[in-house]
Amino acid sequence: MTSWLEALPAFLLALLILGGPGAAVMVALRIRGLTALCLAPAISVSIVVVCAVVAPLIYLRWDWPVVVLGTAIVTAGAYLARRFIPALRAASAPAAGETLQGQGVVVAAVVGALLALSMTATVLTLSAVNPEQFTQGYDSVFHLNATAYAVQTGNASSFNISEFILPTTKNVFYPGAWHGLASLLVVLTGISVPAATNIMWLAVAGVVWPLGIVFLTRVLVGENRTVLVSAGALAAAFPAFPYLLLQYGSAYPNTLSNALVPVGIALVLLIIRPAMRTAMAPAMALTLVVLYLPGAVTAQPNGIFSIMLVLTPLLGFLIFAWLRTGFRDGRRRGWKRIGILILAVALCVGLMFPLPQIRSLFNYTSPAFLFFPLALLRNFTQAPSPVWFPAIALTLLVLVGVWAAVKVHKLRWLLGSLILVSFTYPMSAGTNFKLANWAMAPWWDNPERIAALMPLVAVPLAAVGMSWCVDRLVATFPRGLSFITHPGGRTTAVAALVVVLAFSNSGLWQMKTALAGVYRVPEEPNGAAQIDAHELALIHRLDEYTTADDVIANNPYNGSALAMALAGRHMLFPYSSQGDLTPDQFTLRFWLNRVGSDEEVCAAAKRLGVTYLLDFGTDYIQAFKDPMSLYPGVTLAGGAPGFTLVAQDGHAALYELTLCAGAHR
């Protein structure tokens, strides 16, 4: 695949994967219009990931029939639930038809989402010359190889996806929704893992994320066309998300998670604040939450914490009101409610903290690299590192949106959410205070993942601010702006203005430059990149010398592990931060260079099926100071007795294991 134009069919198929299963459920529940359009992707992710988990349990290989079967079952269940549960039957009745006003709202939302897709695609295609390129971040190796592993094994279960780096441990949960989606696209199209990864990222960041923001904004302020078109388009204007997570480590699961968070926030609001301006009843919203949760948890569990973070001010107010009402009814009732609250918190902590996945979050801390007030300012002005130029226009829109949200829409709690989220980035990037690190533990105290939270609140507020500014301009200059008094004209004008504001933001172009840097393959060894041009060229020639059954020894710290995803080869060490090793892997890690003369090392190589060595030298990634000491046997094996050089490109070399314990193979 040499051009982005060639990727169009695969991109359309990615949209079908993300939209088709959920759309079928929407039809069964009689949810139509804008709500169905925005919610379908979140439900699709849940269906796909549950299918991926169930498939190996019933001995089915990961492929489209599994998804079709799962979609049919969930759709049938949704239909029966709507028909036989009175609350759902009543909740779906008002959505029998679409009014002209409703159709206009859908058009405005679609225009906004299409603009977001266009802007996101522009940034991506300017950063990556073609879909075959891949980011050279630290996490890229795991996510690309995990997708390749799902394709190779026909198993994309979240309880299997990390098995390739945990050879002695079975059924360990790792959120694998992203890898299920990307691997399904590979299986259906036959395209490469890097191409599928880029295409699926564009579908999630350019379509799922804007539609989620549109739905959240609609729940917050109602069916205002100007607000909705602004919300959709502005979703692509903020550097912190979706671009920062791609530039940093290529955190694809977190991108999927963040894209789903606005839908989760909106559904919770519909349950706890049924007076919100929407036709959806709390019973239907609760049903959709049940359907939403599997995808949210398996995309990245911290998405649940992100929902709670944004809603903390509102939840705090509601809990306070609930307790106050209890004390008004009597001191005994009030203290009883306090006891219930304490018990609920203790139960949640008691259920979650024993989990090793939860406890391990508190082991990660990021050292401060910014002055706390500066980190706060950069977060609030949409300029987290590596961006340094503040987004002045977007920040002003957010401030105007705060005023309008509080004064016009009576959303005072949203101001609290903005303040709370504004302080998250400086808590990670601007201080080493232990309590601050612990508070950010759900996001590994990682500044980039935390900075990506800001648009969750900033985008809807900026959309409200844009609408308020346009309304004031039209009221002030009715004659000069008469061409936008018509709803269609106003939608077009607002869409054009958002595009101008987005592309005039220097921070967005700084992020594009940083993105291009992580996609670039350097000509010579570069510690900032996983592999260079010589190493990539040799990886692309591996099929000339090796087969898919060969096992290739390697030091994963020099980028050679990428041969698993880029060439479809079995690598002895497919990831640098492997959770565990088999005894034979441990032996070869330290003593592979003795394979030509040592019987024990030879036996380990035979048991693991090692036939080749991919030697990329000692140009290591920057994750550790001295990774050579971690794999000395592999590092010293190139040219050692037992290995014969069969191919070379610059410093990159491929050796064949020809002598094992003194015997020729």
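Presented here is a report on the structure given in the accompanying data block. Everything numeric here is computed off the predicted structure, so don't read it as measured data.

About the thresholds
- Residues numbered from 1 in each chain as written.
- Predicted model: local features only at pLDDT ≥ 70, side-chain atom pairs only at ≥ 80, totals over all residues.
- Heavy atoms only, no water.
- Disulfide = S-S within 2.5 Å.
- Helix = DSSP H or I, 4+ residues; strand = E, 2+ residues; numbered from the N terminus.
- Buried < 20%, exposed > 50% of the residue type's maximum accessible area, 1.4 Å probe, protein only.
- Phe/Tyr/Trp six-rings, centres within 6.5 Å; stacked < 30°, edge-to-face > 60°.
- Lys NZ or Arg CZ within 6 Å of the ring centre and 35° of its normal.
- Salt bridge = Lys/Arg side-chain N within 4 Å of Asp/Glu carboxyl O.
- Pairing = 2+ DSSP bridges.
- Contact = heavy atoms within 4.5 Å.
- Axes fitted to C-alpha atoms, helices over the stretch in contact; angles between N-to-C directions.

## Side note on the state of the cysteines
Stage number 1. One pass over the structure, following the stated rule, counts one disulfide.
Stage number 2. Covalently, Cys602 is tied to Cys660 through a disulfide, its sulfur atoms 1.8 Å apart. One disulfide, between Cys602 and Cys660, carries an S-S torsion of 125 degrees and so falls in the right-handed class. With Cys602 in helix α28 (residues 599-608) and Cys660 in strand β6 (residues 659-660), this pair connects stretches of sequence that are 58 residues apart.
Stage number 3. The exposure class of Cys602 is buried, given its relative accessible area of 4%.
Stage number 4. Note on Cys660: relative accessible area 2%, which makes it buried.

## Here's the deal with unusual backbone geometry
Stage number 1. Pro242 follows Phe241 through a cis peptide bond whose omega is 15 degrees.
Stage number 2. Within the secondary structure, Pro242 sits in the loop between α9 (225-234) and α10 (243-247).
Stage number 3. Residue Pro386 follows Ser385 across a cis peptide bond; omega there is 15 degrees.
Stage number 4. In this fold, Pro386 is placed in the loop between α16 (372-380) and α17 (392-407).
Stage number 5. The residue Gln382 is not glycine, and still its phi comes out positive at about 60 degrees.
Stage number 6. Tracing the chain through its elements places Gln382 in the loop between α16 and α17.
Stage number 7. Look at Gln382 and you get buried, because its relative accessible area is 2%.
Stage number 8. Even without a glycine there, the phi angle at Ala661 is positive, about 55 degrees.
Stage number 9. Structurally, Ala661 is set in the loop between β6 and β7 (663-664).

## Side note on the packing of aromatic side chains
Stage number 1. If you walk through the whole model with that rule in mind, you get 16 aromatic pairs.
Stage number 2. With a centroid separation of 5.6 Å and 25 degrees between ring planes, the pair formed by Phe142 and Phe164 is classed as stacked. On the criterion of sequence distance, the pair formed by Phe142 in helix α6 (residues 140-153) and Phe164 in the loop between α6 and α7 (177-189) is long-range, its members being 22 residues apart. Each member of the pair, Phe142 as well as Phe164, carries the same accessibility label: buried.
Stage number 3. Ring geometry for Trp178 against Tyr252: centres 5.1 Å apart, planes inclined by 10 degrees, an arrangement best described as stacked. Separated by 74 residues along the polypeptide, Trp178 in helix α7 and Tyr252 in helix α11 (residues 252-272) bring together distant segments of the chain.
Stage number 4. For Tyr252, a relative accessible area of 3% translates into the label buried.
Stage number 5. Taken together, the aromatic side chains of Tyr138, Phe142, Tyr149, Phe164, Tyr174 and Tyr575 make up a single cluster linked through ring pairs.
Stage number 6. The ring of Trp468 carries the charged tip of Arg472 above its face, separated from the ring centre by 5.2 Å.

## Examining the pattern of salt bridges
Stage number 1. Inspection of the entire model under this criterion finds five salt bridges.
Stage number 2. A salt bridge links Glu223 to Arg218; its shortest N-O distance comes to 2.4 Å.
Stage number 3. Classification of Glu223 by relative accessible area gives partly exposed; the value is 35%.
Stage number 4. According to the relative accessible area criterion, Arg218 is buried, its value standing at 9%.

## As for the sheet that holds strand β4 (residues 643-649)
Stage number 1. Reading across the sheet, the five strands line up as β2-β1-β3-β5-β4 and stay open at both edges, with mixed pairing between neighbours. Of all strands in the sheet, those with a lone pairing partner are β2 (570-571) and β4, marking the two edges.
Stage number 2. By the bridge criterion, four bridges tie strand β3 (residues 610-615) to strand β5 (residues 652-657) in an arrangement that is antiparallel. Opposite Asp615, over in β5, you have Ala653 as the bridge partner.
Stage number 3. Helix-sheet contacts for helix α25 (residues 533-540) involve β3, β4 and β5, and the interaxial angle to β5 is about 40 degrees.

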